[in-house]
Amino acid sequence: MIRKILFSLLIAFLPLGNFAQTTVKVEAKLNEEKRLIDIQQQIVYQNTSKDTLQEIYLSDWANSFSSKTTPLAKRFAEEFSRKFHYAPDYERGGTIIRSLQNRQKKDLAWKRPEGFPDIIQIPLKENLLPGEAYTLQLNYQVKLPNDKFTRYGYSDQKFKLKYWMLVPSVYTEKGWEIYSNKNLNDLFSPLVDVEIEFTHPKTYRLVSPLNAIIKTENDSLRTTQLSGKNYIDQKIYLLKENDFRTIETDQVKIITNLEDDDVTPQIKALTIDRIVQFLDYRLGEYPLENLMVTQDEYLDHPIYGLNQLPSFIRPFPDGFQYDIKSFKSITKNYLDNTLLLNPRKEAWLKDAILVYLMMEYVDAYYPNTKLLGGFSEFIGIRWFHAADLKFNDRYPFFALNMSRLNLDERLSASQDSLIKFNKNIANPYKAGVGLAYINDYLGEKKTTYQALKSFYSQYQLDDDVEVEDFKNLIEENAEKDLDWFFEDYVNTNARIDFSIKKVEKSKDSLTVTIENKENNHMPVSLYGLKDKQAISKYWIETPDSLATITIPRDDIERLALNYEAIIPEYNQRNNYKSVTTLLNKPIQFRLLEDIEDPRYNQLFLIPEFDYNLYDGFIIGPKLYNNTILRRNFNFRIAPRLGLRSQALIGSVSASNTHQFQNEKLHQVTYGVSANRYSYAEDLFYHRLTPYFNIYFRNKYLRSNESQAIGIRSVNVFRDRALTNPVDDPDYSVVDIQYNYSDRNFRDYFTTNVDYQIAKQFSKVSVTAKWRKLFLNNRQIELRAFTGLFLFNDSKNSDYFSFALDRPTDYLFDYNYYGRSESTGLFSQQFIEAEGGFKSKLQPAFANQFISTLNGSFTIWNWIHAYGDAGVVKNAGQNPEFLYDSGIRVNLVQDYFEIFFPMYSSLGWEPAQDNYDQKIRFIVSLDFNTLIRLFTRKWY
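Residues numbered from 1 in each chain as written. Predicted model: local features only at pLDDT ≥ 70, side-chain atom pairs only at ≥ 80, totals over all residues. Heavy atoms only, no water.

In this section: a nonpolar patch on the surface. Together, Y670, F692, I711, V734, I736, I757, L788, L790 and F791 line one region of the surface with nonpolar side chains, adding up to about 700 Å² of accessible area. Residue assignment for the nonpolar patch shows that the elements contributing at least two residues are strand 35 (730-743) and strand 38 (779-792). Looking at the nonpolar patch, the element that brings in the most residues is strand 38, giving three residues. Here L790 lies in strand 38. (Patch = residues over 30% accessible without salt bridge, like charges linked within 9 Å, V, L, I, M, F, W, Y side chains within 5 Å. Areas by Shrake-Rupley, 256 points an atom, 1.4 Å probe, with all protein chains shown as cover. Salt bridge = Lys/Arg side-chain N within 4 Å of Asp/Glu carboxyl O. Helix = DSSP H or I, 4+ residues; strand = E, 2+ residues; numbered from the N terminus.)

Below is the structure:
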């Protein structure tokens, strides 16, 4: 009892920072051939909290590679990464715990909590009081993964180690903060004093941010002793060819292998020295001796845009790319190693500081650098608005992209809940722009500078730091209220959208009514313009739905909100109002698509190309209003010329979209489209389609679950010809559909219910498709289709009938390259619709009822066996059972596939005549379809 009282008094009167530090001692030996590390480890865990602990948690992120069902494996699958799932077992890693004991060498019970295979829970037999220490003795083996999964692990000539040993988890006022590895590079561990003796083959050079000295070596092995105080970064690189350089600055030693072959070592040293001086001035002194910056870390968090450029393209000033890459990588390590904010729950603040400092660095040393670099001066490119933008304009643009897609998420959301584009790009950029927004609102940068420097100096290496500490510091020195920033900008995904509702003019003044279109209280700037230049500026603070301000008239020609685009506003096109001019904004025509310029009403003209068998190559202009960022209202006029048909063809469309934030009802779209193309030799169809669609999406945006309800009226008018008679040349079909989809890498399910009614017929159909990828890399796919005519007055023709293998596509929905072909290569194009058969069997159509089942399963890798079976019923005939089977070569599933028929109702097909004409293929050449193949992991 006396002991407990003494500890209570100690807690009450001494700051927690006075307690001893957790220490970690490791003896590790690398087995190069087996790619294993044998580890003897001692952890002396210090309870620096005010609570009595009954258990200790360790992060064992090396074990996150142990199976295809870990949170890390599931993360890979969510982002459609195939490498981990299809990798052989020897390429994956894991941890084997041989013993876990206390100081007295007594075995301790331990377990991995359910759902956390990379966390170890150790119940304590005796409570661990505040200020007390507990010693753990561990003997375990780490099997290293191939570095192709996360860039860390083993590869030829290299071992790159990160999160390779067991470390304590963090205990806070909220309890134990345990997180699984999800390839976010956000291990949350306390500061430790670490000592490591690492034994490895002598042929490898060891590089680490820890202080390293060679302790012993013989003919084959070397033992390197590593040590450091207050380190959470225990990266170790073992290299046969050491590509790291050490650059000593006055503040810190930088160890780096960032690539840029065109920059001399002397320039690299001067660049890094300038970066460190900038950070020292803006933030404060780096408290550790070494800072290690790797090319792998940069590739994990690249400068998006620069990382897509081939190495031989250098549009920026000499050294700029190396400078900005180095700045981002050094600053990220600078912050990550010393600001101990929760990296999963509070990452937005470090992202904000990083991006804001990048913007300030570019403004200081590259103020005139354009977004497109030297390309901005090329004839043709310099006519684009994109060529006018500066490098720092990229940040609000990328943040705005997700808002326009209705996929924006709040900055304070947990990192593992964000979709990839938000986590890597949009949210960090929006966070950094937010600090620039504060600067503009306050009218000076001093407050932000002071807050950042005070925050870093006071809370570096502080286990108890929180976002609230930064909030208090910046609000202390601000002369205006900043609650809007933390309450609306950070803690919600509320859009920012203002417009000028009306302007009342008098001889000397203008009374401006400003409408806030969103439910928030963020401030907005109002500018007076003359000759396209700002001559006055005012701030309207935290307006509600409407706010009124009276300003001097001052020869103002136009009024504009957010004219300098510092605020990441959802829609800047409605920010302008004329005072003396005829139009609110002038009209601007641009050749080719461009970045949106809200100062103009923009129209774009771009050439487009297409192909079908009857029109041949198709070329023509497209006049439209859509920019790179999505807009709600869009129109398109695309007249085209078919070089083979020598006919004027093309399309026209208009649509409008209403989006709903944070609702299961995602958006409503309505519009009309019309087009004219050839459907046979010298025969054309005209289609007019008004439509109305309702889209639902899971509010958890990482889920791919979505639903849609659509209604449309398809009106088709076809040319008649004696050589190609058609029974129903003109017709109108009302089509009502419900779609459900949940498309994922391992589990895929979609279903569609379709009801159609026309003068000639009425029918209903149901399609369901299920695909499952198993842990043994085998895949099974099943698809079922059932269609029924409610009535059919067009039985003399199969034009509206259900098709067994190749629908007639009377609604002109499918991208057939030769839609009327019955023989030849173009007739072999396969589109998975209706019956879904690959063999051409008779009867090929059903005018009463059809029900089919299509299936496939893996034989080896991308080679599958397929089979189709179904019943076809035509009026006045008995039902017929049909089947086929064959080999499916799945090059890129749903995009590029080939089907080789083997055995069907016709018998053994390879032995029959013209077998080459029985082979079917899927080839997707549609640009928008192909784009989804690459963007699905980001959205």
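With that out of the way, let us pick up the pairing of strand 15 (residues 221-231). Sheet topology places strand 12 (residues 192-201) next to strand 15; nine bridges connect them, and they run antiparallel. Bridge pairing in strand 15 places P201 opposite L221. When strand 14 (residues 211-217) meets strand 15, the two strands line up antiparallel, connected through six bridges. Within the sheet, the bridge partner assigned to T216 lies in strand 15 and is T223. Once strand 14 ends, the chain turns through three residues before running back antiparallel as strand 15. (Pairing = 2+ DSSP bridges.)

This brings us to a negative patch on the surface. A contiguous patch of negative charge, built from D51, E173, D463, D464, E466 and E468, is present on the exposed surface. With respect to the helices and strands, the residue E468 is situated in helix 11 (residues 467-477). (Lys, Arg positive; Asp, Glu negative; His and termini not counted. Charge placed at Lys NZ, Arg CZ, Asp CG, Glu CD.)

Turning next to the pattern of salt bridges. For the structure on display, the rule yields 52 salt bridges. Residues R687 and D813 are paired through a salt bridge, measuring 3.3 Å at the closest nitrogen-oxygen approach. Here R687 is found in strand 33 (residues 683-697), whereas its partner D813 is found in the loop between strand 39 (802-803) and strand 40 (845-846), with 126 residues between them in sequence. For D813, a relative accessible area of 36% translates into the label partly exposed. Notably, a salt bridge pairs R888 with E897, separated by 2.6 Å at the nearest N-O pair. E897 shares its class with R888; the two are buried. One network of salt bridges, in which partners are shared, links K769, R771, E781, E832, R888 and E897. (Buried < 20%, exposed > 50% of the residue type's maximum accessible area, 1.4 Å probe, protein only.)

This part is about the environment of Y691. Inspection of the secondary structure puts Y691 in strand 33. On the basis of relative accessibility, which here comes to 23%, the residue Y691 falls in the partly exposed class.

As enumerated under the stated definition, the model contains 64 aromatic pairs in all. Put simply, the rings of W348, Y437, Y441, W484, F485, F486, Y489 and W539 touch in pairs and so form one group of aromatic residues. A cation over a ring is seen here: R274 above Y365, with NZ or CZ 4.1 Å from the ring centre. Note that K763 overlies the ring of F802, its terminal NZ or CZ placed 4.3 Å from the centroid. (Phe/Tyr/Trp six-rings, centres within 6.5 Å; stacked < 30°, edge-to-face > 60°. Lys NZ or Arg CZ within 6 Å of the ring centre and 35° of its normal.)

Let us now look at the confidence of the model for the protein chain. Per-residue confidence for the protein chain averages 91 on the pLDDT scale, and 95% of its residues sit at or above 70. Low pLDDT (under 50) marks residues 1-19, which in the prediction has 18 contacts with non-local residues, meaning those over four places away or in another chain. (pLDDT = per-residue confidence, 0-100. Contact = heavy atoms within 4.5 Å.)

Our next topic: the pairing of strand 8 (residues 158-161). Two strands pair when backbone bridges link them, and strand 7 (residues 153-155) and strand 8 are joined in this way by three bridges, in the antiparallel orientation. Across the sheet, S155 pairs through a bridge with K158, a residue of strand 8. Across four bridges, strand 8 lies against strand 16 (residues 236-239) in antiparallel orientation. Pairing of K158 across the sheet is with L239, part of strand 16.

Right, let's get into the packing of helix 7 (residues 347-365) against helix 9 (residues 420-442). The geometry of helix 7 relative to helix 9 is characterised by a closest axis approach of 7 Å and an angle of 65° between their N-to-C directions. One finds that helix 7 runs roughly perpendicular with respect to helix 9. Between helix 7 and helix 9 lies a crossing whose hand is right-handed. Contacts between helix 7 and helix 9 pair W348, D351, A352, I353, V355, Y356 and M359 from the former with P428, Y429, A431, G432, L435, A436 and N439 from the latter. For the contact of helix 7 with helix 9, the per-class residue count stands at eleven nonpolar, two polar and one charged. (Axes fitted to C-alpha atoms, helices over the stretch in contact; angles between N-to-C directions. Parallel < 35°, antiparallel > 145°, perpendicular 65-115°, else oblique. Left-handed = near helix turned anticlockwise from the far one by under 90°. Nonpolar A, V, L, I, M, F, W, Y, C, P; charged D, E, K, R; others polar.)

All right, on to helix 9 then. Here helix 9 spans 33 Å end to end across 23 residues, near enough to the 33 Å set by a 1.5 Å rise per residue. A maximum bend of about 40° is found in helix 9 at A426, where proline P428 lies one to four positions downstream. Most of helix 9 sits inside the fold, with 23 of its 23 residues counted as buried. (Expected span 1.5 Å × (residues − 1). Bend = angle between axes of the 7 residues up to and from the residue.)

With that settled, consider the sheet that holds strand 14. Strand pairing in a sheet is mediated by backbone hydrogen bonds. Such pairs are either parallel or antiparallel. Judged by pairing direction, the sheet is mixed, and its seven strands sit side by side in the order 4-6-2-1-12-15-14 without closing on themselves. Edge positions in the sheet fall to strand 4 (94-102) and strand 14, since each has one partner strand and no second. Within this sheet the neighbouring strands show an average axis-to-axis angle of 15°, counted without direction.

Here we come to helix 2 (residues 71-78). Of all eight residues in helix 2, six are buried, a share of seventy percent or more. Buried residues of helix 2: P71, L72, A73, R75, F76 and A77, and no others. Tucked into the core, helix 2 has its buried residues touching helix 3 (83-86). Downstream of helix 2 by a residue or two, F80 has a phi angle that is positive, lying close to 55°.

This part is about the side chain of Q588. Position of Q588 relative to the elements: it lies in strand 27 (residues 587-591). The exposure class of Q588 is buried, given its relative accessible area of 12%. Once residues lying within four places of it in the same chain are set aside, the contact partners of Q588 are Y600, N601, Q602 and L603.

If you trace the backbone, T858 turns up in strand 41 (residues 849-860). In this structure T858 comes out as buried when scored by relative accessible area, which is 7%. One polar contact links the side chain of T858 to the main-chain amide nitrogen of Q779, over a distance of 2.8 Å. Residues contacting T858, with those up to four places away along its chain left out, are N777, R778, Q779, I863 and H864. (Polar contact = N/O pair within 3.5 Å; in protein donor to acceptor, adjacent residues only side chain to side chain.)

With that settled, the discussion passes to unusual backbone geometry. In this structure, P843 follows Q842 across a cis peptide bond, with omega equal to 0°. With respect to the helices and strands, the residue P843 is situated in the loop between strand 39 and strand 40. For D555, which is not glycine, the phi dihedral falls at a positive 60°. Looking at the element boundaries, D555 is found in the loop between strand 24 (546-552) and strand 25 (558-561). Relative accessible area serves as the criterion here: at 55%, D555 is assigned to the exposed category.

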